[in-house]
Every structure is written in structure tokens, then in C-alpha cells.
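# Summary of structural features
Here is how the chains run, residue by residue.
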Amino acid sequence: MTEKTNDTAAAIRKNGIATESNGGDKTGAESPASPPFSWGNNRRFNAYSDFLRKQYGFRLQKLSVNAGFSCPNRDGSKGRGGCVFCNNSAFNPSYCEPGKPIRNQLEEGKEFHAWRYRKSLKYIAYFQAFSNTYAPLEVLKKRYEEALSISDVVGLSIGTRPDCVNEEILDYLARLSEKHFVHLEMGIESCYDKSLQWMNRKHDFECARRAFAMAAERGISTGTHLIFGLPSQSREEDLRQADIISELPLQTLKLHQLQIIKDTSLEKEYALNPSKFHFFKIEEYIDFVIDFLERLSPSICMERFSGEAPPRFQAGPTFGMIRADKVIQIIEKRLEEHDTWQGKLRPRENSVIFANSF
Ligand code: SF4
């Protein structure tokens, strides 16, 4: 177990969060004689949805909220243009308008999902659009606590940038997480400074490393995103990020293939220099993700494997009609065929299966 993992485990224990040691073979030498794997089931990757269901005993549905926050990379405090790929409209559900009260957004989201699943659900308010810790603490408290006051909303997932958290905010989130589910999603998209510069992120990887460490010290569950296929890094560099991410004290990961979204500076760049871009084809992407998973720590829960912005926002090559859930099915089948699994090529380590109690 690495020192960082030890620190995380200690912080997690401090908050009454469970740890679980390895039940599967992660040496890479041979198949586990008998699944379940270390994450407690027979699936060949550590799925976040399974973790949540196991931990809480019911399905937790995320409801997106646009709480009207801004972003330092848009309002001029760090930059004005935003990250090259960013168009928040591409993922904002229609019921999320910044002017609409948080209560109304969540009630409409609940109605939509209750109709879709036709059974009672518990919900996580997903503060998704822009940077949701980018405001004075009193403002943040008011908005988070409004979301938590809605019936059946049992927790928060808060999307932000690693340079938009500080000790005061993290101390508050640590207190909040003693009673509620709290997950802090700090997007980085790449572990390489040259790519962070190319994307116009206006923060470096060290900033992200610090933010994850500060959250882990307080026992706050965290996650991040990576984009594969950036023209600023090679496939080998894409892959090497599995090792880098595995050393961060985080609990969840979302993967995305590079997509060119309309009304972004990436769209302009692609129109000017299309030969600079080498997009993954679906089969190549599946093989790449399998290689990545084999190198990734088994303690990290996988929340997403591919992006799927609606077709009307796409301005470049896509996976066509293949939806994200189909991508997961293909990945699972391929893992089975190759008799491999998440973390197979990691050195043996004790896995820390996080749980956020409330
Ligand atoms: S991706 Fe996030 S950090 Fe970048 S400009 Fe958009 S809202 Fe800001």
C-alpha cells in the first residue's frame, strides 16, 4: 500500500467510513480462482453504481442542478474563453435553468425520473454546471442546504475545479459529509501540464494533486474526469495516466473520448487544423479502455467510460449511434473474453473500498 493510500484510508476511517481488504488476486499472474473481485461482485470492473447500491441498499439517482455559479476561467479572474472543450449547454438537462430555484429544478427532475423508473428513488443533487464551489462559503451553504432540504434528496455531488476549493470550504464539506452523502468531483481531464495548457485550463496538475490531498485529509470522497485522444498527448501518455491516477487519493473516475462540441474554441481549432486530431474509433477505444483498466487501481470506482453529448452539439467524428450504456456492455464482454479485470496489472495492494456514511 502506498503512503498516500494509507493517508486516505486513515482519513476515511476517521469519518467512520468502511474499508475492505482485497478478496481477489491483483498480481496479474493468473485469474482469480473464484470471484467476487475485491470490490465485492463478479463484474470485471469496480462499478460506482454497484458500490452505491451495495452501500445504501437502494438506487441513488443523480439529479442535475444549475445553481447559477460561474467559473474563474470564464469570468475573467483566471481567463475569459473557458476550457477549449467547454459548452455547458451540451450536458445541461432542460429542467436546469440557472434562474430557476434549486427546489423547482430538483422537483422537476424527481418527477421525470419517478415517471421513468416508476418506483420510489432516493436522489443525489448533482451540482454540475460550471464551478460549484466558486462563491463565498455562505452562498455555497445556502444552495447546498436548499438542495438537501428536498424530500428524498440524500446527498450532493459537487462538480468543480481543483483551484476552486480551500480549507474553509473543505472543512464545511467534511462536516456536511458526516450526515449526508457528499462527493466532490474535481475535473482535471489530463495529468499532463502540457495538455492542461493546451486545453486552457489555467491550473496545473500540482494544483489538482494538492486539492485531492486536502480533501482526502478530511475524509471527503472525490472523483475526477479524463479525456482520451487529446492532440497534445500520445496514446502511451493517455495510458500512463492509469498509474498516475491510481496514486491519487480519489474514489471515482469518469472517462471520455475526445468529442468536438459546437460553440467551443475546440470546434474552431478542429476546423482550422483537422489533421492534428486522431479520434478513437469505437473498437480502438474499447481496446484502449481495457488496457487502461488493467493498470488502474481496483479501489477506484468507475462512474463513466465514454462521453455522449447529444448529436445536435457534435461538430466532429463520433461513435455514431452507440450509446454509453452499450459501450459499457462491449467493455464487459471484452474483459470476459480476455479474462482480465480492473487492476490486473497493478502490483498487489490492499484495496480501499470507500463508503460515505450518512
Ligand atoms: S470546463 Fe469547467 S472549468 Fe472549464 S470553462 Fe467550463 S465550467 Fe469552467
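Residues numbered from 1 in each chain as written. Predicted model: local features only at pLDDT ≥ 70, side-chain atom pairs only at ≥ 80, totals over all residues.

For the rest of this paragraph, the subject is the site of the ligand. Neighbouring the ligand are the residues Cys 71, Asn 73, Arg 74, Gly 82, Cys 83, Cys 86, Phe 130, Ser 131 and Arg 161. Class assignment of the residues belonging to the shell around the ligand gives a composition of four nonpolar, three polar and two charged. (Near = placed C-beta within 6 Å. Nonpolar A, V, L, I, M, F, W, Y, C, P; charged D, E, K, R; others polar.)

Counting residues in hydrophobic clusters, the biggest one holds 82 residues, and the most contacted among them are Val 65, Ala 125, Ala 147, Leu 156, Phe 212 and Val 289. The residues contacting Val 65, other than those within four sequence positions of it, are Cys 96, Ile 102, Gln 105, Leu 106, Ala 125, Tyr 126, Phe 127, Gln 128 and Ala 147. (Core = buried A, V, L, I, M, F, W, Y, C linked by C-beta atoms within 7 Å. Buried ≥ 20, exposed ≤ 12 C-beta atoms within 10 Å, placed from the backbone. Contact = placed C-beta atoms within 7 Å.)

Let's shift gears to helix H11 (residues 324-337). Structurally, the α-helix is built with 3.6 residues per turn, so residues lying three or four positions apart point the same way. Here H11 spans 20 Å end to end across 14 residues, near enough to the 20 Å set by a 1.5 Å rise per residue. For H11, every residue scored as buried is listed here: Val 327, Ile 331 and Leu 335. In an axial view of H11, the angular spread of the buried residues amounts to 75 degrees, which keeps them on one side of the axis. Relative to its buried face, H11 has exposed residues pointing more than 90 degrees away, namely Asp 325, Gln 329, Lys 333, Glu 336 and Glu 337. (Helix = DSSP H or I, 4+ residues; strand = E, 2+ residues; numbered from the N terminus. Expected span 1.5 Å × (residues − 1). Arc of directions from axis to C-beta.)

With that out of the way, let us pick up the packing of helix H10 (residues 282-295) against H11. At a minimum axis separation of 10 Å, H10 and H11 run at an interaxial angle of 60 degrees. One finds that H10 runs oblique with respect to H11. As for how H10 packs across H11, the hand of that crossing is right-handed. The residues of H11 that touch H10, namely those facing Ile 286, Val 289 and Ile 290, are Ile 330, Ile 331, Arg 334 and Leu 335. Grouping the constituent residues of the contact of H10 with H11 by class yields six nonpolar, no polar and one charged. (Axes fitted to C-alpha atoms, helices over the stretch in contact; angles between N-to-C directions. Parallel < 35°, antiparallel > 145°, perpendicular 65-115°, else oblique. Left-handed = near helix turned anticlockwise from the far one by under 90°.)

What is shown is where atoms sit, not what they do.
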